[in-house]
There are 4 protein chains.
Amino acid sequence: MDKVGVWLIGARGSVATAATAGAAAIKAGVASSQGCVTESPGFPGQLVPFAGLISGGHDISEISLRKRAEQLSRAGVIPPDLPGLIASELDAADAEIRPGHVPGHGGQDTAAARLIADITGFRARHRLDRVVVVNVSSTEQPAAPRPEFDRLADLEERLATGDDVLPPSSLYAYAAFQAGCGYVEFTPSTGPILPALAELAALREVPYAGRDGKTGETLIKSALAPMFADRALRVRSWSGLNLLGGGDGATLADPAARSSKELSKDQVVAGVLGEPVEGQTHIDYVQDLGEWKTAWDHVTFEGFLGVPMTLQFTWQGCDSALAAPLVLDLARLVARAHEKGRHGVLPELGYFFKNPLGTHEHALAAQYARLRAFAEELS
Amino acid sequence: MDKVGVWLIGARGSVATAATAGAAAIKAGVASSQGCVTESPGFPGQLVPFAGLISGGHDISEISLRKRAEQLSRAGVIPPDLPGLIASELDAADAEIRPGHVPGHGGQDTAAARLIADITGFRARHRLDRVVVVNVSSTEQPAAPRPEFDRLADLEERLATGDDVLPPSSLYAYAAFQAGCGYVEFTPSTGPILPALAELAALREVPYAGRDGKTGETLIKSALAPMFADRALRVRSWSGLNLLGGGDGATLADPAARSSKELSKDQVVAGVLGEPVEGQTHIDYVQDLGEWKTAWDHVTFEGFLGVPMTLQFTWQGCDSALAAPLVLDLARLVARAHEKGRHGVLPELGYFFKNPLGTHEHALAAQYARLRAFAEELS
Amino acid sequence: MDKVGVWLIGARGSVATAATAGAAAIKAGVASSQGCVTESPGFPGQLVPFAGLISGGHDISEISLRKRAEQLSRAGVIPPDLPGLIASELDAADAEIRPGHVPGHGGQDTAAARLIADITGFRARHRLDRVVVVNVSSTEQPAAPRPEFDRLADLEERLATGDDVLPPSSLYAYAAFQAGCGYVEFTPSTGPILPALAELAALREVPYAGRDGKTGETLIKSALAPMFADRALRVRSWSGLNLLGGGDGATLADPAARSSKELSKDQVVAGVLGEPVEGQTHIDYVQDLGEWKTAWDHVTFEGFLGVPMTLQFTWQGCDSALAAPLVLDLARLVARAHEKGRHGVLPELGYFFKNPLGTHEHALAAQYARLRAFAEELS
Amino acid sequence: MDKVGVWLIGARGSVATAATAGAAAIKAGVASSQGCVTESPGFPGQLVPFAGLISGGHDISEISLRKRAEQLSRAGVIPPDLPGLIASELDAADAEIRPGHVPGHGGQDTAAARLIADITGFRARHRLDRVVVVNVSSTEQPAAPRPEFDRLADLEERLATGDDVLPPSSLYAYAAFQAGCGYVEFTPSTGPILPALAELAALREVPYAGRDGKTGETLIKSALAPMFADRALRVRSWSGLNLLGGGDGATLADPAARSSKELSKDQVVAGVLGEPVEGQTHIDYVQDLGEWKTAWDHVTFEGFLGVPMTLQFTWQGCDSALAAPLVLDLARLVARAHEKGRHGVLPELGYFFKNPLGTHEHALAAQYARLRAFAEELS
């Protein structure tokens, strides 16, 4: 596998910019691959080298990647001198960004055709072995169910009328599958989870994975909840407050979008412990935090003879910097799985997600063991 | 396996009292086995039932177990009405506590003979299949090396002179092994780690495990450090402050004893990450905390492109309530291993310890997986 | 001033029970007055001694004070042996608790007459110099404005029709004023703040104070916000999550009641800093916390040359134990002010409240200085 | 008062560089005076304008201020574009930095003469009305007492022998006083506190203030401890861990220097509460924190009826950015006090210090009130 395309939905967002800039920096030898799971010492498998990754994507924003990289640099997400060092790579990636579909501007059938052509054009132009489409755009609100989501034939019939049927993320997943590409749903949006799209992925023999990259508070939850379970310490409540700045924070200031995120976040603890646990997880937009995020969690639990105890943690992270290397990991893993003939959902990639598709395993170490085994298989 | 003796060194301390009271409460059906790893749903293996556990031990204190249980009850470590409900069981256990050896009062050869007789008498009196000796007494300072620690013959020759040769914990381990009993070093003290004692354990075909029960801050460290490692997030510093009240806190106010504890605690992070990490772990005695302990840890780490981030946690736990069920778990597991013919060090029990003997594995989930596999084998 | 009555609305609630039990314990010499501001060393003024305080009140609950004290004792709010030591005092106070008014059961005019008679009967029976009515019942939702709230004549005309006009807390304030008693609004409820009631307080020459006892997170805010202001450090955001168990937590699980509380809490920071500050304060009911409360606050601020920094704090307190001594302080201060001829709102008591009536001062040290000066004046 | 010199001991350190760069930025109109107490809205008094401040100083380092400013800029202490905008001002200040005295290189009598000449030369060159010497160099270890510290005559007699008598900070204070300048001891070092130097300050009629700028954890302590005292909540323990990077952290890695700092820090709580309080304050050097500092404090306290509660806080600050504006505040205030004829110690400036000279007041609000009254007087 020599060359793989990474087609980013939301290609000018913070996560995509950090991923594109980071891949360029690693290629150029001016940054290490720290933060990339698939590059950590001893990680099994032979994936496409960074030198073989080519970026492109869709976005409705027109701010250039170079400018976005400078913004991220001022915000401390990428090193101050990096945008200058990789300016030509950023411009090259920029030239491969096509306008995103704006809902309401033309029917979804026309839009899908155009999106598919954008992706296949990119693949042809760069003679890529595979392209993986990764959605890193803004979180959508949960989609209301519709009858045509259940069967591909019904969905296509409805699309053919020119109606707006699919949530935007699902339209991109549809286009990706039709273009013969793997797909990663890195946001909590609907994306590929509709039965009609699963049918399409099977038909086109393409793999997909998701949803909602596990980058901060939920990562810690999935490391700590198994500790309580295995130690037979009963968790009595788990409460949390997430303070987010940045673009994602602003999107999540909308209660509808936030509900998608909160649903994702709340599955881990109950999933690991096997019972519902008291407590809520709040998400607040705090503009002053910029690209940073702070989460505080408070856990009450009972030990021997019912003694009450508590654990608190505070996580202060840069979401884009946490997400970007995982986007590269996922693109490389999905491309390789595609090459190896895997199609449909990839539950082995649950390690990367808050709401892993195809599996109910939320315990971090178990997810990691499964990921490693998968990487072994792929070699 | 019908009946197993749990012989506690420091039998009137907080941990031993909580373990004895808890086992009695579970037997009596007035408490659940919550906090006991070996009793959690789905845990494999058939261990001695709680009804088959009989307690005894050594202590230099003469305060009755019933009084100690009332003290713990006032401190919130055991439920207020429990001491009354199990008064007769506490008195029975109290009747099986013999005076501990006071260093300097008679030679260690005489002392060892008496300690052995105490243990074998207990075993005979109750017709016990096995006895497991568990050290839960105060932390000693690290022992200076001596030439006679290396070979059993030299050690016994020197003991025969009546000299005080062994640190107290090692004297108890010696007595345990000579009495044909398994031994658990639940403190950071020297205990069974001398080569001469390993030789003796092999000779007597008895198993042992240790050291230093992992009950709080270090437990969290061993859950979180693998998360950083697997995610390729580089830990840059890990600092901590432990505030301890209670008996253990007072002991650890002595810098020499504290150094034993700090050495135990500091191995986990470097052990998991495979490199030394900047930062210290402090232990302060804060009398006002009573039986409780608060630990704050501060971790700095680097993500993709070197972005600096932090994680903090605060653990507020009751040490005795965290340790007591593990004492029961260990006694049951070691008894079973002994029955199955295992002798020497049991690295499979590393899950329970800050400084696991016979293994360098510090990652919690890996330790747990090994423990489960061991429990399977023992069935 | 020999004898003062403390008439508690919500007399069987946690705060009232702790206040009544505490006053009895101090009288009986089995507890110190720790936590009472007016008893701290060097605090000026001569207030009624604890021996002169007599308790009574209204409540719709019928659980006896002795039983409530035992519940609080099990929850760790009052010492285990205290209920037994003051059983007869609790029974005496219990005998002075009359049924609270249940909205909808009879008109408010009849209710008011009965409430007034309850209070004046109590005063006469015990030959009390003064009675102070203190509302420590559950938080109400904010009251919608009504035209008859503006003038006493209109209010009384409307009440005469038998209609339910006033929010419950305001009905109690009305009864207190008509009975010639001072009133303290210790909750965020409407209570005495209606212009018609201010008119009545002037007419009856009675003093009052409120609202919403400042016992935890807001107390800290009012200590820290002035620090930022005086140091010219610009606060950029202030976010918080309050986790509450207990009766108050359950009440506040109702969004309408919670909104009263959140409005109270959010005034302090903007009030001290003189500008609105980004960030929200959440209140969650976490049943598992029982009588305890945990609040986490996260503050971002800017220093010299715009450098961003942060402060976080976690407060773990027992709300009833924090509120109870302030109830006693307020009853004693209001009684004394009444005796000295003060009537209308008492802004000098703003130190005790989240939302102080009659003043915009929220800085804690300034409030305390004003309280001390007031206490001097009253001597 | 038109022109005031700020003569910084440690003129190339982080604090001095930030102060010099900041003053230049404010003068140039490219930064606000945020963080300067004396410039906050409504602060009384007429101090020398920023345009009238001229910087110089002593340092043993030879790295240029421009380079140091760039380092601070990369570390996020000053804005990225600032060093470029004020390059000429930095160069001008750099030209006024003279070599610091290196202990052991020549006798202290010769050294003092040279230091005095440096300062008076600076004053003359710029026709300054006043010069204030501010020590912001590395913390020294506590000085052992010597008989010649008690009387000026004995001190000068001893100095005349060429011996090294004074700790470095005291040598600078000696030189400042002899040069007729006010002095600020911003570090925990000995500085001006020797009786012989008090005598000299009286003789030369110069004012001084100190010690140890209160910029972080201790600032919060002095805001919170009065809250506990006034609320009659008994503090039972106060423990803390300070993690410091940067130059100060490295200095404080030396236990002797650290002991000076810990002594300063530990006075506030006991000072405010009027009784010793259990608990220690640790200082750790954590290189990875760079110019940043994180402090965690844990407080246990008792409320009504002895209920135990806790408060924790975590402070994440940039020490230089917190200290620099206070250095400018102090220089301006001391210059004005000098002009107004004040000499000797200035207890009114205790607000700025962990260990305020001439006063035992540690409560922050009381210190601030005294500062404001002082500023009024000076107008």
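Residues numbered from 1 in each chain as written. Chains lettered and ligands numbered in written order. Predicted model: local features only at pLDDT ≥ 70, side-chain atom pairs only at ≥ 80, totals over all residues. Heavy atoms only, no water.

**Topic: the domain arrangement of chain A**
All names here are of chain A.
Working step 1: Along its sequence, chain A is organised into domain 1 (4-213 + 321-378) and domain 2 (217-318).
Working step 2: For domain 1 and domain 2, the distance between their C-alpha centroids amounts to 26 Å.
Working step 3: Opposite the 19 residues of domain 1 that make contact, domain 2 presents 24 residues.
Working step 4: Between domain 1 and domain 2 the total buried area reaches about 1,800 Å² when both faces are included, carbon and sulfur atoms providing 61% of it.
Working step 5: When the area that domain 1 buries against domain 2 is broken down by residue, the three leading residues are T139, K354 and H362, summing to 32%.
Working step 6: Counting the contacts that link domain 1 with domain 2 gives zero salt bridges.
Working step 7: Taken together, domain 1 and domain 2 are joined by five residue pairs in polar contact (both at pLDDT 80 or more). (Domains from an automatic or database assignment. Contact = heavy atoms within 4.5 Å. Buried area = accessible area lost by both parts, 1.4 Å probe. Salt bridge = Lys/Arg side-chain N within 4 Å of Asp/Glu carboxyl O. Polar contact = N/O pair within 3.5 Å; in protein donor to acceptor, adjacent residues only side chain to side chain.)

**A short note on helix α1 (residues 14-27) of chain B**
Residues and elements named next belong to chain B.
Working step 1: Here α1 spans 20 Å end to end across 14 residues, near enough to the 20 Å set by a 1.5 Å rise per residue.
Working step 2: Across the 14 residues that make up α1, a large majority, 13, are buried.
Working step 3: One or two residues past the end of α1 sits G29, with phi positive at roughly 75°. (Helix = DSSP H or I, 4+ residues; strand = E, 2+ residues; numbered from the N terminus. Expected span 1.5 Å × (residues − 1). Buried < 20%, exposed > 50% of the residue type's maximum accessible area, 1.4 Å probe, protein only.)

**Some points on the nonpolar core**
Working step 1: Among the nonpolar cores identified, the biggest contains 173 residues, and A:L224, A:L349 and B:L349 are the most heavily contacted of them.
Working step 2: With sequence-adjacent residues up to four places away left out, B:L349 is seen in contact with B:A209, B:L330, B:L333, B:V334, B:L371 and B:F374.
Working step 3: Within the second largest apolar cluster, 170 residues are counted, among which are C:L322, D:L8, D:L72 and D:L311. (Core = buried A, V, L, I, M, F, W, Y, C linked by side-chain atoms within 4.5 Å.)

**Some points on unusual backbone geometry**
Working step 1: At the junction of C:G210 and C:R211, the peptide bond is cis and its omega measures out at -10° in the coordinates.
Working step 2: If you trace the backbone, C:R211 turns up in the loop between β6 (207-210) and α9 (217-230).
Working step 3: If you check the backbone angles, B:R127 has positive phi at about 50° while not being a glycine.
Working step 4: Among the secondary structure elements, B:R127 is positioned in the loop between α5 (108-125) and β4 (130-135).
Working step 5: Look at B:R127 and you get exposed, because its relative accessible area is 71%.

**Re the side chain of B:D118**
Working step 1: Among the secondary structure elements, B:D118 is positioned in helix α5.
Working step 2: Non-local contacts of B:D118, meaning those with residues more than four positions away in its chain, are made with B:W7, B:H58 and B:R98.

**Some words on the sheet that holds strand β4 (residues 130-135) of chain A**
Adjacent strands of a sheet form backbone hydrogen bonds with each other and so pair up, either parallel or antiparallel.
All names here are of chain A.
Working step 1: The parallel open sheet is built from seven strands, whose spatial order is β3-β2-β1-β4-β5-β6-β11. Since the sheet does not close on itself, it has two edges, and those belong to β3 (97-99) and β11 (344-345), each with one partner.
Working step 2: Relative to β11, strand β6 (residues 207-210) runs parallel, the two being bridged by two bridges. Residue P207 lies in a different strand from β11, and its bridge partner there is G344. (Pairing = 2+ DSSP bridges.)

**Some remarks on the interface of chain C and chain D**
Working step 1: Each partner contributes to the interface: chain C provides 59 residues, whereas chain D provides 58 residues.
Working step 2: With both sides pooled, the region where chain C packs onto chain D buries about 4,500 Å², and carbon together with sulfur makes up 64% of that total.
Working step 3: One can count zero salt bridges joining chain C with chain D.
Working step 4: There are 14 residue pairs in polar contact (both at pLDDT 80 or more) connecting chain C and chain D.
Working step 5: No other element matches strand β10 (residues 308-318) of chain C, which puts 11 residues into the side of chain C that touches chain D.
Working step 6: Of the residues contributing to the side of chain C that touches chain D, the split by class is 41 nonpolar, 13 polar and five charged.
Working step 7: Bridge analysis of β10(C) against strand β10 (residues 308-318) of chain D gives seven bridges, and the strand direction is antiparallel. Across the sheet, residue C:Q316 finds its bridge partner in β10(D), namely D:T310. (Nonpolar A, V, L, I, M, F, W, Y, C, P; charged D, E, K, R; others polar.)

**Some thoughts on the relation of the copies chain C and chain D**
Put simply, the second copy of the chain is the first one after a rotation about an axis and a shift along it.
Working step 1: Between chain C and chain D, which share one sequence, the superposing operator has a rotation angle of 180° and an axial displacement of 0.0 Å; the RMSD is 0.0 Å. As the rotation angle and translation indicate, the two copies are arranged about a two-fold axis. Residues of chain C ranked by C-alpha distance from the rotation axis are headed by C:F313, positioned 2.0 Å from it. (Least-squares fit on C-alpha atoms with pLDDT ≥ 70 in both.)

**Overview of helix α2 (residues 65-74) of chain B**
Residue and element names in this part refer to chain B.
Working step 1: Of all the residues in α2, the buried ones are L65, R68, A69, L72 and S73. Across the axial projection of α2, the buried residues extend over an arc of 140°, all falling on one side.
Working step 2: Looking at the buried positions of α2, the neighbouring elements they touch are α1, α3 (82-85), α4 (87-95) and β3 (97-99).
Working step 3: Phi turns positive one or two residues past the end of α2, at G76, with a value near 85°. (Arc of directions from axis to C-beta.)

**Comments concerning the confidence of the model for chain A**
Working step 1: Of all residues in chain A, 99% attain a pLDDT of 70 or more, and the chain-wide mean is 94.
Working step 2: As a predicted assembly, this complex carries a pTM of 0.96 together with an ipTM value of 0.96. (pLDDT = per-residue confidence, 0-100.)

**A look at the sheet that holds strand β9 (residues 292-302) of chain C**
Working step 1: Taken in spatial order, the eight strands of this open sheet run β8(C)-β7(C)-β9(C)-β10(C)-β10(D)-β9(D)-β7(D)-β8(D), and their pairing is mixed. Each having just a single partner strand, β8 (281-285) of chain C together with β8 (281-285) of chain D make up the two edges of the open sheet. Mean inter-strand twist for the sheet, computed between neighbouring axes without regard to direction, equals 10°.
Working step 2: As defined by bridge partners, strand β7 (residues 234-244) of chain D adjoins β8(D) across five bridges and the pair is classed as parallel. Residue pairing across strands places D:L243 opposite D:D284, the latter belonging to β8(D).
Working step 3: On the sheet, helix α11 (residues 255-265) of chain D packs against β7, β8 and β9 (292-302) of chain D and is oriented at approximately 140° with respect to β8(D). (Axes fitted to C-alpha atoms, helices over the stretch in contact; angles between N-to-C directions.)

**Here we look at the packing of helix α1 (residues 14-27) of chain C against helix α2 (residues 65-74) of chain C**
All names here are of chain C.
Working step 1: Contact geometry for α1 and α2: axes closest at 10 Å, N-to-C directions at 95°. In terms of axis orientation, α1 runs roughly perpendicular to α2. Mapping the contact onto sequence places S14, T17, A18 and T20 in α1 and L65, R68, A69 and L72 in α2.
Working step 2: Looking at side-chain class alone, the contact of α1 with α2 contains four nonpolar, three polar and one charged residues. (Parallel < 35°, antiparallel > 145°, perpendicular 65-115°, else oblique.)

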